[in-house]
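Reading the structure
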Amino acid sequence: MPLEIEIDGQKLEVPDGSTVMDAARLANIYVPHFCYHRKLSIAANCRMCLVQVEKAPKPLPACATPVTNGMKVMTHSDQAVNAQKGVMEFLLINHPLDCPICDQGGECQLQDLAVGYGASGSQYEENKRVVVNKNLGPLISTDMTRCIHCTRCVRFGQEIAGVMELGMIGRGEHAEIITFVGKTVDSELSGNVIDLCPVGALTSKPFRYSARTWELTRKPSISPHCGLGSNLTLQVKQNRVMRALPQENEAINECWISDKDRFSYEALNSDQRLARPMLKQSGAWKTVDWQTALDFVAKELKRVAAAHGPQSIGALATPHQTVEELHLLQKVVRGLGSGNVDFRLRQSDFNADGKLAGVPWLGMSITEVSQLDRVLVVGSTLRKDHPLIAHRLRQSAKRFLKLSVLHAVDDELLMRVAHKSIVAPAAMVDALAQVVKAAAAARNSAVPEMVLAVVEKTQVTESAQRIAASLADGKNVAVFLGNFAQHHVQASQLHALAQALAEIIGGRFGFLGEAANSVGGHVVNAVPMINKSENVANAAQMVANPLKAYVLLGVEPELDMHDPRQAIAAMKQAELVVAMSAYQHKAVDYAHVLLPISPFTETAGTFINTEGRAQSFQGVVQPLGETRPAWKVLRVLGNLLNLSGFDQQSADDVRVEALGKEEKIVNKNNYLLSLPARETTSGSGLQRIDETPIYSADAIARRAPSLQKTRDGQPPVASMNRVLADKLGLRDGDSVRVRQGGGEAVVAYAVDDKLPGDCIRLATACEETAALGATSTELTLERVAGQQKVAV
Amino acid sequence: MGLSIGLPAVPFAKDLYGPDALIMKGIDGTNWRLKGYESLGGYQALRRIFNEKITPENVIAEVKKSALRGRGGAGFPAGLKWSFMPRQFPGAKYLVCNSDEGEPGTFKDRDILRYNPHSVIEGMTIAAYAMGIPVGYNYIHGEIWDVYERFEEALEEARAAGYLGDKILGSEFNFQLHAHHGFGAYICGEETGLLESLEGKKGQPRFKPPFPASFGLYGKPTTINNTETFAAVPWIIVNGGEAFLNMGKPNNGGTKIFSISGDVARPGNYEIKLGTPFPKLLEMAGGMRDGAKLKAVIPGGSSMPVLPADIMMATDMDYDSIAKAGSMLGSGAVIVMNETRCMVKSLLRLSYFYYEESCGQCTPCREGTGWLYRMVDRIEHGKGRNEDLDQLNRVADNIQGRTICALGDAAAMPVRAFIKHYRDEFQYHIDHKKCLVAPYI
Amino acid sequence: MNAPAVAIIGLSPESLAKIDKAVAKYPPQEKQSAVMAALTVAQDEKGWLSTETMDFVAQYLDMPPVAVYEVATFYTMYDLKPVGRHKLTICTNLPCALQGATNAAEYLKQKLGIGFGETTPDGRFTLKEGECMGACGDAPVLIRNNKQMLCAMSNEKIDKLIGELK
Ligand SMILES: Cc1cc2nc3c(=O)[nH]c(=O)nc-3n(C[C@H](O)[C@H](O)[C@H](O)COP(=O)(O)O)c2cc1C
Ligand code: SF4
Ligand code: FES
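Bear in mind that the values here come from a model prediction, so they are computed numbers and not experimental data.

Re the overall build of chain A
A count of helical and extended segments in chain A gives 25 helices and 34 strands. Here the C-alpha atoms of chain A give a radius of gyration of 28 Å, agreeing with the 28 Å that 2.2 N^0.38 yields for 792 residues. For chain A, the C-alpha atoms occupy an extent of roughly 90 × 65 × 65 Å along the three principal directions. Within chain A, residue pairs in contact and separated by at least 24 positions form 73% of the contacts whose partners lie at least 6 positions apart. Across chain A, the mean location of the 83 positive side-chain charges is 1 Å away from that of the 84 negative side-chain charges.

Pasting the structure below:
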């Protein structure tokens, strides 16, 4: 039943359970506050929001006081203003008032409110408190003397990030915010505390002292990293992106962003940026103008096509490129008469190609994820790959969601996991088949024909039984395939089984989109179109059976591709490698021409996120040096190749051509139409679990120094369980030599007893492991004796 | 460790608690065990409930009739509080005893627990029965560790004898009772701070509403009462609410244990009928130590306003009379000061206490208690300024009524009362940079 | 052999048994309720609470380490730094002060040659100022090592006590 309330003379109705603060917000009345935040629990500790309530003997905190029917509230009466001023005075007595040197200056809630509620001079003449500063790691800078103890940061950790990294120790005036002695903050969402802190106690370390807020212009943008498509506000000073902040969008990122979204911008100003076109002439790199560079590219492409046939040309792009870029890339390639174009660089199983109705997408809107009551996540490093989807699941896991996990690693998800099945990569198909079998039994329904053969012969284990039972009693169920499942050598089998499982339990299934434009790449057909009976190669085939010419759009083959070893070998033997990139990278070793293209901040473009929402953005700064937006480069290349249909005047024109005029979410389906061929796997011997570390996943994040300094940015180590470590005779200080697919790497090791037997977990997408072959190839391990470290 | 110096400190006088004692009647310092309690008629109330099949509703009605008011400080009628408990609530519910006695001047709960622990166990069991509660905790002040251990022993005795646990005295009623100890935090005496502490957190009070009766321990409906409140229950059940009420005054039923400390000859606990005149209580405590002259009394624990001698000498010891005199009965801690005591220094010690004990979560208390303390400290040390007294009142005003819990009020009220009644003494300190009265304590 | 980098920080089986007993008082999903008891037991065994000890308690009770640290710093009877063999805490609050506690405190300081918050060079005594212990009637009151209350501490009794505590 709605309740009636009158605030400052304004009458309104609010839902039962509202607080006075909720009502004031509805009525558009500002009540000053610090500790209140609509996404956090109510602490009511700052007392800034004290208001007068009729018949109440004392002022009450608006944030915590429930509305009662007929309540009359005065937010600006003498009593209220007196109380607010009293609180403000208390807040300021121990605050250093060092606004001129504080990074928060200009965007400080305390500063703003002090102007309205503070007295002109303080009557406090005692000594001020000084608080020892804390080291929270490479991302967050602290000045704890400024802290006003609102505990927003502490509540954020407990309630949103799911990990209590910050706490308030001590009591009374001595209370202070800390991390546990000597530990830094490691959550992948940690940067949000910077936004939450109403004063300058927690500020951005990379941004420190680099600009004052009033010098910055704010421009909207879209995150180019994970598949969520977080909305950003980029702050720019003198043609430089100085800071990335969340732009609130309740349907996508709410008011949060991941640390990757927040701190990657550092790489935009990296000195590794490629600023001019370069051409290799008689073995030496020379800076050239665009005309020369593109003439060369056009001439060479034509030559290769004539000499070896158009099918000897292939193009690879990352899924972080825009819709416009991917569209024009495939258009150029197809114009040349080749069908070799792909962006699914880490994928290893392409058996579903040609059998898929629609594109791999989330299968629902992002907000719908928050309503699911039973979820099975298959093969996902959930927190790191999808920080804010993990956050949504975490919020519902506190209430109605029962989450099940099927994966090769058992990382802490910082939320309640109801059931899990942790198996070696090669056993994942069987493990999922077990769940299908158990679910069919629980629901008394037939196993879909497509997967019957796999399911029939499996033996249901107890963990599968529990997962199936959990899913079977849900009302709003989903099965999600994570990045690891999508890159799996039997990805199409997992896909078929997930689809079957969803069908049996009457739920949905979807793909947790890997990158900003994973869906967009499919939508614009930047994939080889097998069903169109082209004689074509997919990303894996393009490097397995080397071509004569490659066009790389943003790709760093040794870091971005499933088989880095093959990829590099393929590049090295090619007659022509055209590297379009924002960065100068390893391509200098094998490419013939380097073309500097704009990162997302220097071009207009569109990403289609995992829920199929197309989000366009404008460039926020001028391209660096001679850098050009890739869509323009590709258009000019089309002209130089005398291809038709390259007359677009703007990114907008390209988008309309690629997606049509409709802004609506692209209509999708992700069902397999027929049974993919079964890939046989060895299933015996050692296996490698090769995830992509969060800050290695794309070219920008890789070059953000502060992110690289975090725990997630540390060099890869080979983790294994104790049994395997002992079998190898590993001791403290030793390293392991890993051989795979003809390449080798020597890395440190770590023991993780939660890993399945005979598996090592060793990241891909890193220089340290770039020499290794694909994960599906044979793996051997060997101890490398290290100097025995003395116990300290 | 076999030290020669142990408990009890003061030789136990037989009549220590006074002739009117109900709760402490017959207590001699040695008969705290189950047998002793039973020989004084202990557990008869519980037996009666089961033998006579007294319904929970009737138990609550009896407690209501007794006008037993909470002995922890706020004086809220116990029977009324019990009736707020959602009886038919399906999930878990809890009963909590507040033995975190930390209000300066209060030391009665310690005596109840060390000399008469079974009265609390019986009282809690009856309360649990009345409210249909299966589990209870007694939160015991960390500083009285030996008492905590003794209470654990008493719990073992009660369990073994069938007064606690499953199917109590052969009935269908189950009640599990456990002891929990604090470890040095006054704020855990505040009921919601106590609940947080019991949940294994910092004892930071919760904003109310919701009240513990709907959202208490682990978020479940919870009833909290003071040790002495529970200890009075068995007597009420055996002798009837009416009889208890008649011991005191209307709205102020029964006897109350007053802890008298300070400048009296025999500091200690005295159980008297509510409404007993203060001079009578003073006399029981042996009068003023060394025949000194009475100057001031804090009648209800350090948080309550101080009253000058003349007002006190004309006041009866019950909730309403003390309120009329301008203070509060609070926890029943009577701090007596003689004419040699400096009021600035006395307030300084109290202000330091609240400054040290503020939990630190809400702004006015965290920042304001330090401000108050520092100003009083300056005045005491000869650095007072003329505007300080008004400033003290102003800061106290800005704390009082604006905090999450009543510790803010507790810190503010003494400041205002001390200045109100002894302004000249404060002014003298400011003007002369020294004390008006003789060298202190 | 894989030599551990640091000494294992666990607690003795007796201590763990005590903690388990405390845990059993609370609902199974509310193990955290036993944190105060666990820290007390740990402090009794180790003398004080080091970061490692608190880490261990956090792990044992399945709590974030910071939450344990919050608790350990909130309650005054936990020691986060090493203390003497005998930690003597004296209440100096007003009621006690009126009954001789100020003098007793001065006497102790002078006798031990240390101030509040300090430890004697021989590591025998640490002296702390306490708040109301709920025993004002027996003032002056001292608590030895958090657990033993000593009442009506006249100078003679203090002499005797200091003599007996080795
Ligand atoms: C700062 C503060 C300290 C308190 N300390 C105690 C205490 O030590 N013992 C106690 O029983 N109640 C104490 N109370 C009162 C409790 O909050 C609560 O009202 C009481 O335990 C209820 O029991 P009763 O109704 O039986 O009195 C304190 C309240 C405040 C605000
Ligand atoms: S009034 Fe003081 S003790 Fe009470 S909640 Fe606020 S800060 Fe804590
Ligand atoms: S916003 Fe209400 S108390 Fe802080």
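What to know about the nonpolar core
Most often, soluble globular proteins keep nonpolar side chains buried together rather than apart. Core analysis: the largest hydrophobic core is formed by 343 residues, its most contacted members being A:L393, A:M580, A:L595, B:W82, C:L39 and C:Y75. Sorting elements by how many residues they give to this core places helix 17 (residues 407–432) of chain B first, with eleven residues. Beyond its immediate sequence surroundings of up to four residues, B:W82 is in contact with B:V59, B:I60, B:V63, B:A127, B:A130, B:M131, B:T223, B:N225, B:F230 and B:V233. By size, the runner-up hydrophobic cluster in this structure holds 46 residues, among which are A:V378, A:V429, A:V454 and A:L755.

Some thoughts on the pattern of salt bridges
Under the counting rule described, the total for this entry stands at 88 salt bridges over all chains. A salt bridge links A:E176 to A:K134; the nearest nitrogen and oxygen atoms lie 2.7 Å apart. Taken as a pair, A:E176 in strand 8 (residues 176–179) and A:K134 in the loop between helix 3 (109–117) and strand 6 (140–142) lie far apart in primary sequence, 42 residues in all. Of the charged contacts in the structure, one is a salt bridge between B:K108 and B:D109, with a shortest N-O distance of 2.8 Å. On the accessibility criterion, B:K108 (1% relative accessible area) is buried. On the accessibility criterion, B:D109 (2% relative accessible area) is buried. Members of the salt-bridge network, linked through shared partners, are A:R38, A:K39, A:E248, A:E250, A:E254 and A:R392.

Considerations on the site of ligand 2
Near ligand 2, the surroundings consist of 13 residues, among which B:C359, B:C362, B:C365, B:T403 and B:C405 are the closest. The residue inventory of the shell around ligand 2, partitioned by class, reads eight nonpolar, five polar and no charged.

Points about the interface of chain B and chain C
Counting residues at the interface gives 67 residues for chain B and 53 residues for chain C. Summing the contributions of chain B and of chain C, the shared interface buries around 4800 Å²; its carbon and sulfur component is 60%. For the pair chain B and chain C, the interface holds five salt bridges. Notably, a salt bridge pairs C:D138 with B:R110, separated by 3.1 Å at the nearest N-O pair. There are 22 residue pairs in polar contact (both at pLDDT 80 or more) connecting chain B and chain C. Broken down by secondary-structure element, the contributors of at least two residues to the side of chain B that touches chain C are helix 5 (108–115), strand 2 (135–140), helix 7 (145–160), strand 3 (176–181), helix 8 (191–198), strand 5 (255–262), strand 11 (333–338) and helix 14 (343–357) of chain B. The element that contributes the greatest number of residues to the side of chain B that touches chain C is helix 14 of chain B, accounting for seven residues. Taken together, the residues that form the side of chain B that touches chain C break down as 32 nonpolar, 19 polar and 16 charged.

Remarks on helix 16 (residues 388–399) of chain B
In a regular helix each residue adds 1.5 Å, so twelve residues correspond to 16 Å; helix 16 of chain B covers 16 Å between its end C-alpha atoms and thus fits that length. Three or more residues of helix 16 of chain B are buried, namely B:D388, B:L389, B:Q391, B:L392, B:V395, B:A396, B:N398 and B:I399. Residues of helix 16 of chain B that are buried make contact with helix 2 (78–93) of chain A together with helix 15 (363–380) and helix 17 of chain B. Positioned one or two residues after helix 16 of chain B, B:G401 has a phi angle of 80 degrees, which is positive.

Regarding the domain arrangement of chain C
By a frequent convention, interface size equals the accessible area lost on bringing the separate parts together. The assigned domain composition of chain C is domain 1 (3–74) and domain 2 (86–165). Domain 1 of chain C and domain 2 of chain C are separated by 28 Å when their C-alpha centres are compared.

Points about a nonpolar patch on the surface
All names here are of chain B. A cluster of nonpolar side chains, F76, L80 and F84, forms an exposed patch at the surface whose accessible area comes to about 260 Å². Checked against the element boundaries, F76 lands in the loop between helix 3 (56–66) and helix 4 (78–84). F76 gets classed as partly exposed once you look at its relative accessible area, which sits at 34%.

Comments concerning the sheet that holds strand 6 (residues 268–273) of chain B
Residue and element names in this part refer to chain B. Across the sheet, five strands lie side by side as 6-5-11-8-9; this open sheet has mixed pairing. The sheet is open, and its two borders are formed by strand 6 and strand 9 (307–308), each paired with just one other strand. As paired elements, strand 8 (residues 294–298) and strand 11 share four bridges and run antiparallel to each other. Across the sheet, the residue bridging to I298 is I335, located in strand 11.

With respect to the pairing of strand 13 (residues 278–281) of chain A
Residues and elements named next belong to chain A. Examined bridge by bridge, strand 13 and strand 14 (residues 284–287) share four bridges and lie antiparallel to one another. Bridge assignment links M278 to a residue of strand 14, and that residue is T287. Between strand 13 and strand 14, which follow one another and run antiparallel, lie two residues, and S282 among them has a positive phi close to 40 degrees.

Examining the packing of helix 3 (residues 51–61) of chain C against helix 4 (residues 65–74) of chain C
Two numbers describe a pair of packed helices, the interaxial angle and the distance between the axes. Residue and element names in this part refer to chain C. Relative orientation of the contacting elements helix 3 and helix 4 amounts to 120 degrees, with a least axis distance of 8 Å. Considered as vectors, helix 3 and helix 4 are oriented oblique to each other. As helix 3 runs across helix 4, the sense of the crossing is right-handed. In this structure, helix 3 uses M54, D55, V57 and A58 to contact helix 4, whose residues at the interface are P65, V68, Y69 and A72. Classifying every residue of the contact of helix 3 with helix 4 gives seven nonpolar, no polar and one charged.

Rules used in this analysis
Residues numbered from 1 in each chain as written. Chains lettered and ligands numbered in written order. Predicted model: local features only at pLDDT ≥ 70, side-chain atom pairs only at ≥ 80, totals over all residues. Heavy atoms only, no water. Helix = DSSP H or I, 4+ residues; strand = E, 2+ residues; numbered from the N terminus. Rg over C-alpha atoms; globule rule 2.2 N^0.38 Å. Contact = heavy atoms within 4.5 Å. Lys, Arg positive; Asp, Glu negative; His and termini not counted. Charge placed at Lys NZ, Arg CZ, Asp CG, Glu CD. Core = buried A, V, L, I, M, F, W, Y, C linked by side-chain atoms within 4.5 Å. Buried < 20%, exposed > 50% of the residue type's maximum accessible area, 1.4 Å probe, protein only. Salt bridge = Lys/Arg side-chain N within 4 Å of Asp/Glu carboxyl O. Near = heavy atom within 4 Å. Nonpolar A, V, L, I, M, F, W, Y, C, P; charged D, E, K, R; others polar. Buried area = accessible area lost by both parts, 1.4 Å probe. Polar contact = N/O pair within 3.5 Å; in protein donor to acceptor, adjacent residues only side chain to side chain. Expected span 1.5 Å × (residues − 1). Domains from an automatic or database assignment. Patch = residues over 30% accessible without salt bridge, like charges linked within 9 Å, V, L, I, M, F, W, Y side chains within 5 Å. Areas by Shrake-Rupley, 256 points an atom, 1.4 Å probe, with all protein chains shown as cover. Pairing = 2+ DSSP bridges. Axes fitted to C-alpha atoms, helices over the stretch in contact; angles between N-to-C directions. Parallel < 35°, antiparallel > 145°, perpendicular 65-115°, else oblique. Left-handed = near helix turned anticlockwise from the far one by under 90°.

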